[in-house]
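Report on the structure
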Amino acid sequence: MGRLDGKVAIVTGAGRGLGKGIALKLAMEGAKVAVADVVMENADSCVREIKQAGGSAFAVPANIAKLDEVNRLFETTVKEFGRLDTVVNNAGINRDGMLHKMSDENWETVIAVNLTGTFYMTREAAKRLREQKSGAIINISSMSWKGNLGQANYAASKAGVVGLTLTAARELARNHVTANVICPGFIDTDMTRSMSEEGWKMMVSKVPMGFAGTPADVGNMAAFLASDEASYITGQIIEVSGGMVI
Ligand code: NAI
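In short, a report on the structure. (Residues numbered from 1 in each chain as written. Predicted model: local features only at pLDDT ≥ 70, side-chain atom pairs only at ≥ 80, totals over all residues. Heavy atoms only, no water.)

Ordered by their spatial adjacency, seven strands build an open sheet running β3-β2-β1-β4-β5-β6-β7, and the pairing between neighbours is parallel. Of all the strands in the sheet, the pair left with one neighbour each is β3 (56–61) and β7 (237–240). For this sheet, the mean angle separating the axes of adjacent strands, direction not counted, is 20°. Judged from the six bridges that link them, strand β5 (residues 135–140) and strand β6 (residues 177–184) form a sheet pairing that is parallel. (Pairing = 2+ DSSP bridges. Helix = DSSP H or I, 4+ residues; strand = E, 2+ residues; numbered from the N terminus. Axes fitted to C-alpha atoms, helices over the stretch in contact; angles between N-to-C directions.)

Set out below in structure tokens:
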């Protein structure tokens, strides 16, 4: 018996990194998982891992910045698994650079995926979950929402995700739907591995526990928030960061 037996979840950006860690954890707790990503090869490989471990999942191509693909993702998931309980909005990108040198394109691309894409997903989740009067929305922001060097676009998008989620929490509470934000600190994924060795060391030095977290650390929190054990927890900003403050 898993904590999420009988539940159906969508996880975006689940082909690798945090999203994959979250999808694996939800599936191991018994949820049926729609593994959504723009890179199908990775989504397929995540689904294979889940199935090999005895879980249930299927891969869906979905770019969250495209409204028609978001709509199709929800439709396909409900068609495949018959219901929907949890939506984890994890897909996100970065295009770092100092503010005075940041191009319009790098600003717009990050806002389009991280904020507008998360809005499309959260709005569709709200429409469906409020009708059934149950469900959990879990949005992945970042400690950077408080501001971070070289991340004006990313920080603004992640601060937007906080405001969006806390508003969803207020609006959906009466319908018994929860909405919470997870702010991961510094987690070992392809995104963070792409930084310089010097940057990696600098980030790790900010973590009181002294090491980077893993996708499973974030997956554990997502599984709890998706479970009935968390049904009275909403509108919270939860940091999974090894004690990192900013
Ligand atoms: P990653 O780059 O390793 O993985 C991101 C996944 O999202 C990839 O599979 C990618 O194909 C997919 N993706 C990208 N754009 C997409 C789109 N438009 N639609 C659907 N899928 C898309 O990144 P990582 O590190 O796993 O990050 C996942 C989330 O966690 C992001 O929102 C990121 O901002 C956030 N985060 C990560 C931290 C870290 O230390 N790794 C820290 C704080 C937040």
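Remark: helix α3 (residues 67–81) packs on helix α4 (residues 104–132), axes separated minimally by 10 Å, with the N-to-C direction vectors making an angle of 40°. Considered as vectors, α3 and α4 are oriented oblique to each other. Note that α3 runs across α4; the crossing there is right-handed. Contact residues: α3 offers Leu67, Val70, Asn71, Leu73, Phe74, Glu75 and Val78, while α4 offers Tyr120, Met121, Arg123, Glu124, Ala125 and Arg128. By residue class, the composition of the contact of α3 with α4 is eight nonpolar, one polar and four charged. (Parallel < 35°, antiparallel > 145°, perpendicular 65-115°, else oblique. Left-handed = near helix turned anticlockwise from the far one by under 90°. Contact = heavy atoms within 4.5 Å. Nonpolar A, V, L, I, M, F, W, Y, C, P; charged D, E, K, R; others polar.)

Let's shift gears to the site of the ligand. In the vicinity of the ligand, 28 residues are found, and the nearest of them are Arg16, Asp37, Asn90, Tyr154 and Thr189. Separating a nitrogen atom of the ligand from a side-chain N or O atom of asparagine 63 is a distance of 2.8 Å. Threonine 189 places a side-chain nitrogen or oxygen 2.5 Å from an oxygen atom of the ligand. Those elements that provide at least two residues to the shell around the ligand are α1 (17–28), α5 (152–172) and α6 (190–193). Examining the composition of the shell around the ligand, we find that three residues originate from one element, α6, more than from any other. For the shell around the ligand, the per-class residue count stands at 14 nonpolar, 10 polar and four charged. (Near = heavy atom within 4 Å. Polar contact = N/O pair within 3.5 Å; in protein donor to acceptor, adjacent residues only side chain to side chain.)

Here the focus is the nonpolar core. Counting residues in each nonpolar core, the largest one holds 30 residues, and the members touching the most others are Leu26, Val33 and Val35. Secondary structure elements with two or more residues in this core: β1 (8–12), α1, β2 (32–37), α2 (40–52), β5, α8 (215–226) and β7. Non-local contacts of valine 35, meaning those with residues more than four positions away in its chain, are made with Val11, Ala14, Ala23, Ala43, Cys46, Val47, Ile50, Ala57, Phe58, Ala59 and Val60. In this structure, Ala34, Val60, Ile64 and Ile93 belong to the second largest nonpolar core, which totals 29 residues. (Core = buried A, V, L, I, M, F, W, Y, C linked by side-chain atoms within 4.5 Å. Buried < 20%, exposed > 50% of the residue type's maximum accessible area, 1.4 Å probe, protein only.)

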